[in-house]
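Breakdown of the fold
One letter stands for each residue in the lines below.
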Amino acid sequence: MPRTRSHAVGLALTLAAVVAATSCSAGASTAPPMAVAADPDRSVTVEPGSDPVPLPPLEEPGAHTIRWADCTQHTRQRLGLTDDAETRAYECGSVTGPLDSPEQPNFGTATTHVLRVGTGSVPLVVLNDVGGEPGSLYAARLAEALPAELLDAFSLIGVDRRGTGMSDPISCVRGDDRENMVGFDPAVTDVAGQDSLHSSSSSAAKECTWLLEYRARAFDPARTAGDLEVLRLELGMSRLNAIARGDGSEVLVSYAQRFPDHVGRMVLDGVPDLGSDALARAEERAAAAERAFEAFASSCAAREDCPLGSDPAAAVEELAEVLRRDPVLTSDAMVTPGALARVLLDGLAVPEEWPEVAEAVAAARNGDGVPLGTRLRDTLWEGPLDPPRFDASLVTRCNASALRLPPNQVAELSEEWHAEHPTFGGLFAQELLHCTAWPVPYQGTEGDTVRGAPPVMVVSTATDPVTPGPATRRMAGRFDSAVLVDWQGTGHGGLARSSCVTDAAVSFLVDGEAPENDVVCPP
């Protein structure tokens, strides 16, 4: 049995708002979509097969083997909802499949927690980023925001990916190491200055590989794709219909590569470009986050009541300097320049929360770091119902990439990227140290292209700080057949945030209608 460590933190869950309609600055538009010529970012790199695979029809499920049970109250607690908040009813279950550890491939099992919401008869699997909200909770929020037409046809099946939420949750990093890795100052760009980060990263690798034992290398997108195949069978489906956001889409890419004959209707709401190396992807994310921060600052400055004044970017920089001299201790986190950057990065993904993020920054400028610390709680600490989100993200990221850079090279990149992307460049360069001491993963053979599967819908968001729009558009060209919906908006993902994107996805999923040309959706 893997070793375990108990954590006594007893922190309440952060109050989480239901996905809201977007504001005019970054939200849904009622303007019609436009069909356009191919995007230069979307260069086709695969050779289509001689006979394109058609989009499959929807099918009614056969007999399922999942034992569903009501979990409405439990899910409401995990969502952090107040007693008077209205939600749908939720059912939960689990499926168990092979662990498929590369070290002991025929030993061990993995249990996947799933949540069902909606009245439709056809299952539609939902995945999220490994470092974000667990898929079960993301599905619960989507159910409140998606059109009734989709939920009349489908039941959403939210999936907690390996190590996240309630799926064999991972909590293996020491608390002080986790805080140091999350809160490390992104402006520190020399080898000596980054020594404590290197030490914490090495300690985390040692602790996680020791505690997880043979399971340590079994957390990655390819093996999660295997979990989806087990789920498909237990749902009684011949094909898997699914939605994924961000790096959750990488799991669906792996699924389509391994099980092309079982691919149903799939929507990838942002997807990393798997044809780029890990170093290029990290720098591209830094640049994308910087653009999103500029949009955040401009949006706030345009408001008469912006709590950061006429120059929000300068206000953030001034706060970082203050925290560099005098960090603020709260019950949830030590608020440092690195913690500030993490809160901003997470907040940029959700423009609906930008005013709240600005208020938290303003409070810290006035000496109150509690709002910033609270926004880091789920990342840093194990709550009564869910593990810290950082740990599963760390383990999965390190297993998914073979890139291992020495400290001197990370320091050089930190200096270069910090100069080019001053708010987030150092953060993304420093993250390259996180995996330095982690065992190099076994490399799969799937590559970065998808052949022989039906058409998928790929949604790119122009100013996405998590899965940059250009990367998503390039990845769309790596499919035999992909429908690209290019939203000119801001934030992480367009589904349920842009009416144009949502309408296109509903038509694709429910009606099987795929536009002949790429579609551009206005901001």
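The subject of this paragraph is the overall build of the chain. The secondary structure content of the chain amounts to 18 helices and 13 strands. The 523 residues of the chain split such that 57% are buried. Partitioning the intrachain contacts of the chain with sequence separation of at least 6 by distance along the chain shows that 78% fall at a separation of at least 24. Total accessible area on the chain stands at roughly 20400 Å², and carbon and sulfur atoms take up 51% of it.

Glancing now at the state of the cysteines. Under the counting rule described, the total for this entry stands at five disulfides. In this model cysteine 398 forms its disulfide with cysteine 435; the gap between the sulfur atoms is 2.0 Å. Here the disulfide of cysteine 398 and cysteine 435 is left-handed, its torsion about the S-S bond being about -85°. Here cysteine 398, found in helix H14 (residues 389-400), pairs with cysteine 435, found in the loop between helix H16 (425-431) and strand E11 (456-463); they are 37 residues apart in sequence, far enough to count as distant. The exposure classification of cysteine 398 matches that of cysteine 435, with both residues buried. Cysteine 500 shares a disulfide with cysteine 521; S-S distance 1.9 Å. Its S-S torsion of about -65° marks the bond between cysteine 500 and cysteine 521 as left-handed, since a negative value means left-handed. On the criterion of sequence distance, the pair formed by cysteine 500 in helix H18 (residues 499-511) and cysteine 521 in strand E13 (residues 518-521) is long-range, its members being 21 residues apart. Take cysteine 521: its relative accessible area is 0%, and that puts it in the buried class. Ordinal numbering of bonded cysteines along the chain defines a disulfide pattern of 1-2, 3-4, 5-6, 7-8, 9-10.

With respect to the helices and strands, the residue valine 350 is situated in the loop between helix H10 (337-348) and helix H11 (354-365). A C-alpha to C-alpha distance of 5.4 Å links valine 350 and glycine 491, two positions 141 residues apart in sequence.

A few words now on the packing of aromatic side chains. In this structure the tally under the stated criterion is five aromatic pairs. Put simply, the rings of Phe293, Phe296, Trp354 and Phe424 pair up and form one aromatic cluster.

This next bit is on unusual backbone geometry. Positive phi, close to 60°, is recorded for aspartate 100, a residue that is not glycine. Judged by its relative accessible area of 29%, aspartate 100 is partly exposed. One non-glycine residue, aspartate 168, lies in the positive phi region at around 45°. Within the secondary structure, aspartate 168 is located in the loop between strand E6 (154-159) and helix H4 (175-183).

Glancing now at H18. An ideal rise of 1.5 Å per residue puts 18 Å on 13 residues; H18 measures up with 17 Å between its terminal C-alpha atoms. Regarding H18, the residues found buried are Cys500, Val501, Thr502, Ala504, Ala505, Val506, Phe508, Leu509 and Val510. Count one or two residues on from H18 and you reach glycine 512, which has phi positive near 70°.

Mapped onto the elements of the fold, alanine 295 is located in helix H8 (residues 278-301). Overall, the relative accessible area of 24% leaves alanine 295 in the partly exposed class. In sequence terms alanine 295 and glycine 491 are 196 residues apart; their C-alpha atoms lie 9.8 Å from each other. With near-sequence residues (within four places) excluded, alanine 295 lies in contact with Trp354 and Thr490.

Glancing now at the pattern of salt bridges. Here the structure, examined in full by the defined rule, presents 29 salt bridges. Of the charged contacts, one joins aspartate 100 and arginine 223 as a salt bridge, the two residues approaching to 3.9 Å between their closest N and O atoms. Within this pair, whereas aspartate 100 is found in the loop between strand E3 (91-98) and strand E4 (109-117), its partner arginine 223 is found in helix H6 (residues 221-235), the two being separated by 123 residues in sequence. The class of arginine 223 is buried, set by a relative accessible area of 14%. With a closest N to O distance of 2.7 Å, aspartate 391 and arginine 178 form a salt bridge. Placement of the pair is aspartate 391 in helix H14 and arginine 178 in helix H4, with a sequence separation of 213 residues. Neither residue differs from the other here; aspartate 391 and arginine 178 are each classed as buried.

What follows concerns a negative patch on the surface. A surface patch of like charges, here negative, comprises Glu149, Asp152, Asp503, Asp511 and Glu513. Of all the secondary structure elements, the ones that give two or more residues to the negative patch are helix H3 (148-153) and H18. Relative to the assigned elements, glutamate 149 resides in helix H3.

At a minimum axis separation of 11 Å, H8 and H11 run at an interaxial angle of 85°. Between H8 and H11, the interaxial angle falls into the category roughly perpendicular. Judged by residue contacts, Ala292, Ala295, Phe296, Ser299 and Cys300 of H8 engage Trp354, Val357 and Ala358 from H11. In the contact of H8 with H11, the residues fall into seven nonpolar, one polar and no charged.

Per-residue confidence for the chain gives a mean pLDDT of 90; residues scoring 70 or more make up 89%. Across residues 1-32, confidence stays below pLDDT 50; counting only partners more than four residues off in sequence or on other chains, it has 77 contacts. Confidence drops under pLDDT 50 across residues 34-38; counting only partners more than four residues distant or on other chains, this segment forms nine contacts.

When you tally the buried positions in strand E7 (residues 240-245), you get six out of six residues, the bulk of the element. Across the two faces of E7 the burial is the same, with Leu240, Ala242 and Ala244 and Asn241, Ile243 and Arg245 all buried. Note: strand E5 (residues 122-127) against E7, three bridges, orientation parallel. Within E7, the position partnered with leucine 127 by the bridge is alanine 244. The pairing of E7 with strand E8 (residues 263-269) spans five bridges and is classified as parallel. Pairing of arginine 245 across the sheet is with aspartate 269, part of E8. A crossover connection joins E7 to the parallel E8 through helix H7 (residues 248-258); in handedness this β-α-β unit is right-handed.

The rules behind these values
Residues numbered from 1 in each chain as written. Predicted model: local features only at pLDDT ≥ 70, side-chain atom pairs only at ≥ 80, totals over all residues. Heavy atoms only, no water. Helix = DSSP H or I, 4+ residues; strand = E, 2+ residues; numbered from the N terminus. Buried < 20%, exposed > 50% of the residue type's maximum accessible area, 1.4 Å probe, protein only. Contact = heavy atoms within 4.5 Å. Areas by Shrake-Rupley, 256 points an atom, 1.4 Å probe, with all protein chains shown as cover. Disulfide = S-S within 2.5 Å. Phe/Tyr/Trp six-rings, centres within 6.5 Å; stacked < 30°, edge-to-face > 60°. Expected span 1.5 Å × (residues − 1). Salt bridge = Lys/Arg side-chain N within 4 Å of Asp/Glu carboxyl O. Patch = residues over 30% accessible without salt bridge, like charges linked within 9 Å, V, L, I, M, F, W, Y side chains within 5 Å. Lys, Arg positive; Asp, Glu negative; His and termini not counted. Charge placed at Lys NZ, Arg CZ, Asp CG, Glu CD. Axes fitted to C-alpha atoms, helices over the stretch in contact; angles between N-to-C directions. Parallel < 35°, antiparallel > 145°, perpendicular 65-115°, else oblique. Nonpolar A, V, L, I, M, F, W, Y, C, P; charged D, E, K, R; others polar. pLDDT = per-residue confidence, 0-100. Pairing = 2+ DSSP bridges. Right-handed = clockwise from strand over helix to strand, strands pointing away.

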